[in-house]
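This is what each chain is made of:
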Amino acid sequence: MNRDDRKPRKPPGISRRSFIKGAGAVAAAAGLVRVRPAAADEKTLPAGVVEKLGPEATTIELNINGKPATLEIEPRVTLLSAIREHLGLTGTKLACDRGACGACTVHLDGKPVTSCMVLAIDARGHQITTIEGLGTPSNMHPVQAAFVETDALQCGFCTPGMVMSVAAALERNPAATTDEIKHATAGNICRCGTYPHVFAAALRAVKPGPAGSARAVRAAKDA
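Residues numbered from 1 in each chain as written. Predicted model: local features only at pLDDT ≥ 70, side-chain atom pairs only at ≥ 80, totals over all residues. Heavy atoms only, no water.

**Student:** Could you clarify how one ought to interpret the packing of helix α5 (residues 159-172) against helix α7 (residues 195-204) in this entry?
**Tutor:** The description of two packed helices rests on the angle between their axes and on the distance between the axes. For the pair α5 and α7, the least separation of the axes is 11 Å and the interaxial angle reads 35 degrees. Of the two elements, α5 crosses α7, and the hand of that crossing is right-handed. For the pair α5 and α7, contact is made by Met162, Val166 and Leu170 and by Tyr195, Val198 and Ala202, respectively. (Axes fitted to C-alpha atoms, helices over the stretch in contact; angles between N-to-C directions. Helix = DSSP H or I, 4+ residues; strand = E, 2+ residues; numbered from the N terminus. Left-handed = near helix turned anticlockwise from the far one by under 90°. Contact = heavy atoms within 4.5 Å.)

**Student:** Honestly, empty space enclosed by the protein in this entry has me stumped. Any pointers?
**Tutor:** One pass over the structure, following the stated rule, counts 1 cavity of 30 Å³ or more. Roughly 30 Å³ of volume is contained in the largest cavity. In terms of lining, the largest cavity is formed by Leu80, Lys93, Leu94, Ala95, Cys96, Asp97, Cys101, Ala103, Cys104 and Cys116. Residue classes in the lining of the largest cavity are distributed as 8 nonpolar, no polar and 2 charged. (1 Å grid on protein atoms, 1.4 Å probe; cavity = no way out; pocket = protein on both sides within 12 Å on 5 of 7 lines; lining within 4 Å. Points joined across faces, edges and corners; volume = space filled by probe spheres on them. Nonpolar A, V, L, I, M, F, W, Y, C, P; charged D, E, K, R; others polar.)

**Student:** Explanation requested: the side chain of threonine 78 in the structure shown.
**Tutor:** By the element assignment, threonine 78 lies in the loop between β4 (67-73) and α2 (79-86). Among the polar contacts listed, one links the side chain of threonine 78 to the backbone nitrogen of serine 81, at a separation of 3.1 Å. What threonine 78 contacts, discounting residues up to four positions off in sequence, is Ser115, Cys116, Val118, Leu119 and Ala120. (Polar contact = N/O pair within 3.5 Å; in protein donor to acceptor, adjacent residues only side chain to side chain.)

**Student:** Honestly, the pairing of strand β3 (residues 58-64) in this entry has me stumped. Any pointers?
**Tutor:** Where a strand is regular, its side chains alternate between the two sheet faces. Every second residue of β3 is oriented toward a common face, the buried set being Thr58, Ile60, Leu62 and Ile64 and the non-buried set Thr59, Glu61 and Asn63. Relative to β4, β3 runs antiparallel, the two sharing 7 bridges. Bridging across to β4, asparagine 63 finds its partner in proline 68. With antiparallel pairing between neighbouring strands as the criterion, β3 and β4 make up a hairpin whose turn holds 2 residues, including asparagine 65 at a positive phi of roughly 50 degrees. Of the pairings in the sheet, the one linking β3 to strand β7 (residues 127-129) comprises 2 bridges and is parallel in character. Bridged to asparagine 63 within β7 is glutamine 127. (Buried < 20%, exposed > 50% of the residue type's maximum accessible area, 1.4 Å probe, protein only. Pairing = 2+ DSSP bridges.)

This is the structure in structure tokens:
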């Protein structure tokens, strides 16, 4: 008898690699099937109803900067891609494309999110605000104006994301301190190193008032 014949044979199975490859192929062929809870203001499917999307393009509606926008996109399209490539709002920047640098930060219902990590279809029924919706050259948001006044940019590539993060932080706390601003922008990378100017801009944008003024003075001393 051959020596190899005496060895116990491994029962046939599926390796982790083959399973992942097979699952990917099935997902690509079948599209996305999900049970999605309906947002409060979303007039689509009720909560608990199974929704099948893709792989072909589908029509969705997004609320961008206070206006409805109808798009014909594949379910795999990210919110960042929808904003830049389908709506032409290029103020939101594409950099790392993996949620690590913050350049693509937008507001989703007032909260900062990295749009490269959100599918456009998952942003339906939510209020989306981009840097273009925050303010305009003729009517800038206080944070935008403060960034200009303090020269809080160099190459400017990270600036839109920084502005969106700072604006959200000041919306939560109009009298935010330097430490709170640092925490709010921890996910925003500036390769030029303009962080001191960013913090100065944030403090300049602190809303006036007894609480805001006093905290701004203390924060400026700590900076």
